[in-house]
Amino acid sequence: MLALLALTLLAVYLCWRLVEPFVPALTWALVLAVVFNPLHERIRARVPGKSVVAALAVLLVTVAVAVPSVLVAQKVAEEAVTHVEKLKGDPAKALMDQAIKRYPELAPTLRWLKREMDGSGQVDKMATFVVDGTRRFVSGSVYFVVGALVTLYLLFYFFRDKDKTLRALRRFAPLSDDESDKVFADVRDTIYAIVYGTLAVSLVQGVLGGMIFWWLELPSPLLWGAVMAVLAILPVLGASIVWAPAAVALALGGEWDKALILAFWGSVVIGLIDNLLYPLLVKGRMRLHTVPVFIAVIGGLLVFGTAGVVLGPVVLAMAKALVEVWRQRLQPAPPVLMEDGSTAVSAAAAAPDRAPADTAPQNW
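To keep things clear, this report deals only with the structure shown in the data block. Remember, it's a predicted structure, so these values are computed and weren't measured experimentally. (Residues numbered from 1 in each chain as written. Predicted model: local features only at pLDDT ≥ 70, side-chain atom pairs only at ≥ 80, totals over all residues. Heavy atoms only, no water.)

1. Remarks on the overall build of the protein chain
Thinking step 1. Scanning the protein chain from terminus to terminus reveals 16 helices and two strands.
Thinking step 2. The buried share among the 364 residues of the protein chain stands at 34%.
Thinking step 3. Once local pairs closer than 6 in sequence are excluded, the contacts in the protein chain between residues at least 24 apart make up 69%. (Helix = DSSP H or I, 4+ residues; strand = E, 2+ residues; numbered from the N terminus. Buried < 20%, exposed > 50% of the residue type's maximum accessible area, 1.4 Å probe, protein only. Contact = heavy atoms within 4.5 Å.)

2. Here we look at the side chain of Lys162
Thinking step 1. Checked against the element boundaries, Lys162 lands in helix H9 (residues 162–172).
Thinking step 2. Residue class for Lys162 comes out buried when judged on its relative accessible area of 2%.
Thinking step 3. Here Glu41 takes part through its side chain, which lies 2.3 Å from a polar atom of the side chain of Lys162. (Polar contact = N/O pair within 3.5 Å; in protein donor to acceptor, adjacent residues only side chain to side chain.)

3. A word on the pattern of salt bridges
Thinking step 1. This structure, assessed with the given rule, holds eight salt bridges.
Thinking step 2. Ionic pairing is found between Glu41 and Lys162, a salt bridge with its closest N-O pair at 2.3 Å. Pair noted here: Glu41 is in helix H3 (residues 37–46) and Lys162 is in helix H9, with a separation of 121 residues, a long-range link.
Thinking step 3. For Glu41, a relative accessible area of 25% translates into the label partly exposed.
Thinking step 4. Across the pair Arg160 and Asp161 runs a salt bridge whose closest N-O atoms are separated by 3.2 Å.
Thinking step 5. Arg160 gets classed as partly exposed once you look at its relative accessible area, which sits at 27%.
Thinking step 6. Shared partners join several salt bridges into a network, and the residues in it are Glu41, Arg44, Lys162 and Asp163. (Salt bridge = Lys/Arg side-chain N within 4 Å of Asp/Glu carboxyl O.)

4. Considering the nonpolar core
Thinking step 1. Ranked by internal contacts, the top residues of the largest apolar core, which has 31 residues, are Val31, Phe36, Val58, Leu155, Phe159 and Ile191.
Thinking step 2. Among the elements of the structure, helix H2 (23–35), helix H4 (50–83), helix H8 (141–160), helix H10 (177–215) and helix H15 (308–330) are those that each provide at least two residues to this core.
Thinking step 3. Considering every element that reaches this core, the biggest residue donor is H2, with seven residues.
Thinking step 4. Beyond its immediate stretch of four places on either side in the chain, Leu155 contacts Ala29, Leu32, Ala33, Val58 and Val61. (Core = buried A, V, L, I, M, F, W, Y, C linked by side-chain atoms within 4.5 Å.)

5. Remarks on helix H12 (residues 240–252)
Because an α-helix completes one turn every 3.6 residues, residues spaced three or four positions apart along the sequence face the same direction.
Thinking step 1. The terminal C-alpha atoms of H12 lie 18 Å apart, and with 13 residues this matches the ideal 18 Å at 1.5 Å per residue to within 8%.
Thinking step 2. Those residues of H12 that fall on the buried side of the exposure criterion are Ser240, Val242, Trp243, Ala246, Ala247, Leu250, Ala251 and Leu252.
Thinking step 3. Remark: Gly254 follows H12 within two positions and exhibits a positive phi of approximately 90°. (Expected span 1.5 Å × (residues − 1).)

This is the structure:
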């Protein structure tokens, strides 16, 4: 028995090592399968053949998501290499010299800020980090292309064999059908909340930030719009990490009109878009609290890389659902009144029977 257990654990560990390199592709394929499931169902209702339907769905996803994402990433990488080098040479120091001449009453404070920034060298470090990272991205583009192809390959089978996959998960999970439905629903709602309520809103905030940078003729609007979109995923500060220093720099440079416009746009339009879009996009699905989302997203990024943006909250949602299953199972079963006046524990309540897996509703 112990030998069998050890062999099983070894097999599970080796399987994990085999799957580990494909975790990002599996995660994004699952996300796309859940998000575009309504599209797949509409095609399936009109076109015969599982493989044809899945291929059409993958083609539409590629045209709608993959191609625009690759084109934007290439443009952002080119803009980063071209413009971020200008950050080197400490432009903040030159800005402070200009501000000291323009605002002599603020000279002591500005000189203190200049000394602090001059000794840190953080601007040069940030510029070097961004440029080196962008060059690594461009040089490793083959890796990203292969990852995208693997994601689309997995997405095809997620679409085509959705029913078989869900039945297999139900069969191997040590849960009743009601419990499986609860876990699946929580995971599905979490993916919707992250994709529509976090990633989509962050993308809109990045687009709005890039637009105002372009309208105010600030440098690298596409690059800084992309940076704001990424930072907007983080709660509290978000995109303000970019637009707030830019507004301060404009004010120190004497361009108060642009500084006020940028501050208004960032604080009102970009800052409040989350409260307007989230209820419309997520609707009746779960709204994730700021603190667990922050921990799950940051922890997911550290553990799983970019896929952790989704995988972190999904793991948290699965853990929450399984804890709820344990809570219900450990809850005392209600007594049943017998014909002779005695009571007995309901067997169905104590140990709910599993319905046949093939008859369970199959839905992402």
